[in-house]
Amino acid sequence: MTIRLIKTITFCALFSAGTQAVDLNASLPVRLSEVKVGTKAVELQGHPVQLQQQAPDFQVVNNNFKKIKLSDFKGKTVLISVVPSVDTGICSLQTKRFNQEVASADPNVVMLTISTDLPFAQKRYCQAEKIDQLQVLSDAVWRDFGSNYGLLIKDMGILARAVLIVDTQGNLAYQQLVPELAKEPDYAHSLAALKQIAGKKS
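What counts, and at which threshold
- Residues numbered from 1 in each chain as written.
- Predicted model: local features only at pLDDT ≥ 70, side-chain atom pairs only at ≥ 80, totals over all residues.
- Heavy atoms only, no water.
- Helix = DSSP H or I, 4+ residues; strand = E, 2+ residues; numbered from the N terminus.
- Buried < 20%, exposed > 50% of the residue type's maximum accessible area, 1.4 Å probe, protein only.
- Contact = heavy atoms within 4.5 Å.
- Axes fitted to C-alpha atoms, helices over the stretch in contact; angles between N-to-C directions.
- Left-handed = near helix turned anticlockwise from the far one by under 90°.
- Nonpolar A, V, L, I, M, F, W, Y, C, P; charged D, E, K, R; others polar.
- Arc of directions from axis to C-beta.
- Pairing = 2+ DSSP bridges.

Visitor: Describe the overall build of the chain, with residues and values.
Guide: Within the chain, the secondary structure is distributed over 5 helices and 11 strands. Here the chain holds 202 residues, and 44% of them are scored as buried. When contacts within the chain are restricted to residue pairs at least 6 apart in sequence, long-range pairs at least 24 apart make up 63% of them.

Below you can see the structure in the form of structure tokens.
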């Protein structure tokens, strides 16, 4: 057996013995939340943001893997519809509803949908369902949005359902964390809040 082969076998043995699955989100704070899947409350990972605090910047990607950041919309009111997966029944209804609402919203309002779906899946969904008014963005690459807003569901790899509104000053002005993952948000409440927040002068 040659020296090179011995070294290769030794390296492979050491590599195999020393590698194990790593939870890349293990360092994030975890809290038991009011969000339930069925009757079970889930744990959320990340840093929750308090109302009237500066909304943390984040980076996600669109369906062409172009980086999109919250700071790209500086000076605008931003509604963020957060869903576990656009290609499921309730999430699809939520995405369609906000897509319809864009037309009647203040022109200074930006509406986003964010999920951890891959950009390919989001693009396919948007084409099939004619979602063409709001921006559907993916947190699958860095989990940056979910981490910065405390919305990652531990051990599920998806986001809790929520509606957030960031005002023109960059503060989190509204947050609706939907208590049951299988339920739609309160659209009337969030849209009324959007109208009020967007109507305020900076």
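Visitor: Describe unusual backbone geometry, naming the residues involved and giving the relevant values.
Guide: Even without a glycine there, the phi angle at Phe 65 is positive, about 65°. Note on Phe 65: relative accessible area 40%, which makes it partly exposed. A positive phi is found at Arg 143, a non-glycine position, where the angle reads about 55°.

Visitor: Lay out the packing of helix 2 (residues 89-101) against helix 5 (residues 187-199) in plain terms, naming residues and giving numbers.
Guide: Their axes nearest at 12 Å, the elements helix 2 and helix 5 cross at an angle of 35°. The way helix 2 lies across helix 5 gives a crossing that is right-handed. Judged by residue contacts, Leu 93, Gln 94, Arg 97, Phe 98 and Glu 101 of helix 2 engage Tyr 187, Ser 190 and Leu 191 from helix 5. Of the residues that constitute the contact of helix 2 with helix 5, the class distribution is 4 nonpolar, 2 polar and 2 charged.

Visitor: Before we move on, could you go through helix 3 (residues 119-129) and cite the residues and values that matter?
Guide: When helix 3 is considered as a whole, its buried residues turn out to be Pro 119, Gln 122, Tyr 125 and Cys 126. Buried positions in helix 3, seen along its axis, are confined to an arc of 125° and lie on one side of it. For helix 3, the exposed residues lying more than 90 degrees away from the buried face are Phe 120, Arg 124, Gln 127 and Ala 128. Here the buried face of helix 3 lies against strand 3 (59-61), helix 2, strand 6 (109-115) and strand 7 (135-138). Backbone geometry just downstream of helix 3 places Lys 130 in the positive-phi region, at approximately 60°.

Visitor: Lay out the sheet that holds strand 9 (residues 158-159) in plain terms, naming residues and giving numbers.
Guide: What the 4 strands build is an open sheet, ordered 1-2-8-9; its pairing is antiparallel. Either end of the sheet is taken by a strand with one partner, and the two such strands are strand 1 (30-37) and strand 9. Alignment of strand 8 (residues 152-153) against strand 9, held across 2 bridges, turns out to be antiparallel. Across the sheet, the residue bridging to Ile 153 is Ile 158, located in strand 9.

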